[in-house]
Amino acid sequence: QVQLVESGGGLVQAGGSLRLSCAASGNIFSLGTMGWYRQAPGKQRELVATITTSGRINYADSVKGRFTISRDNTKNTIYLQMNSLEPEDTAVYYCNGKRAYYSDSWGQGTQVTVSS
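So, here's what we can say about the structure. Numbers given to residues run from 1 along each chain, matching the order in which its sequence is written. For this predicted model, a pLDDT threshold of at least 70 governs which residues receive local features, and a threshold of 80 or more governs which side-chain atom pairs are given and counted, while totals over whole chains, interfaces and linings are taken from all residues. Values shown for side chains rest on all heavy atoms present in the structure; no hydrogens or waters enter the calculation.

### Side note on the state of the cysteines
Inclusion rule: The rule for a disulfide is simple: a pair of cysteine sulfur atoms within 2.5 Å. Only DSSP runs of H or I reaching four residues or more are called helices, and only runs of E reaching two or more are called strands; each is numbered from the N terminus.
Summed over all chains, the structure comprises 1 disulfide. The side chain of Cys22 participates in a disulfide bridge whose partner is Cys95; the two sulfur atoms lie 2.0 Å from each other. In this structure the cystine formed by Cys22 and Cys95 twists about its S-S bond by roughly -80°; its chirality is therefore left-handed. Of this pair, Cys22 sits in strand β3 (residues 18-26) while Cys95 sits in strand β9 (residues 91-99), and the two are 73 residues apart along the sequence.

### Details of the nonpolar core
Cut-off, in case you're wondering: Note on terminology: a nonpolar core comprises buried Ala, Val, Leu, Ile, Met, Phe, Trp, Tyr and Cys residues joined through side-chain atoms within 4.5 Å. Partly exposed describes any residue whose relative accessible area lies between the buried limit of under 20% and the exposed limit of over 50%, with all areas from a 1.4 Å probe on protein chains only and scaled to the type maximum.
Within the largest apolar cluster, 28 residues are counted, with the highest numbers of intra-cluster contacts made by Met34, Trp36, Val48, Phe67, Leu80, Met82 and Tyr93. When residues of this core are traced back to their parent elements, those giving at least two are β1 (2-7), β3, β4 (31-39), β5 (46-51), β7 (67-72), β8 (77-82), β9 and β11 (110-115). Looking at which element gives the most residues to this core, the answer is β3, with 4 residues.

### Structural notes on the packing of aromatic side chains
We count it as follows: When two rings of Phe, Tyr or Trp (its six-membered ring) have centres within 6.5 Å they constitute a pair, described as stacked for plane angles under 30 degrees, edge-to-face for angles over 60, and tilted for the intermediate range. Note on geometry: a ring has a charge over it if NZ (lysine) or CZ (arginine) is within 6 Å of the ring centre and within 35 degrees of the ring normal.
If you walk through the whole model with that rule in mind, you get 1 aromatic pair. When the ring of Tyr37 is compared with that of Trp106, the centres are 5.1 Å apart and the planes differ by 70°; the resulting orientation is edge-to-face. Here Tyr37 is found in strand β4, whereas its partner Trp106 is found in strand β10 (residues 105-106), with 69 residues between them in sequence. For Trp106, a relative accessible area of 34% puts it in the partly exposed group. Taking NZ or CZ as reference, Arg45 lies 4.6 Å from the ring centre of Trp106, over its face. Lying across the ring of Tyr102, Arg99 places its NZ or CZ 4.0 Å from the centre.

Right, here's the structure in full:
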């Protein structure tokens with residue numbers, strides 16, 4: 001089992017920045033791709049960004065050029081640097097971890113609120 005704990009959410013004005021962190025613990029030896037998803041009120045959960053163990057990155061079109069995902073394998077932690085935040089980025093952000101042959105692991109979520 002893998003435990004994921006997010007931190008770094010909060011309230012910020014439009015145009016501001018936040019940095020999210022997600023620390024993994026437990027059976028992390030086979031942890032593969034990790035990423036960030038978000039869910040706004042009344043909407044489905046959507047992919048924000050993913051990063052493989054080798055550093056291959058994928059972004060949602062809506063965040064390209066504004067968000068940066070990174071990974072520190074020595075700390076079993078991923079980060080999401082969010083710049084030029086917009087009110088439309090307001091959501092609960094969830095950390096996700098994938099392992100072969102197991103269901104995905106999810107964090108508890110961290111709220112990001114961007115005021116206009």
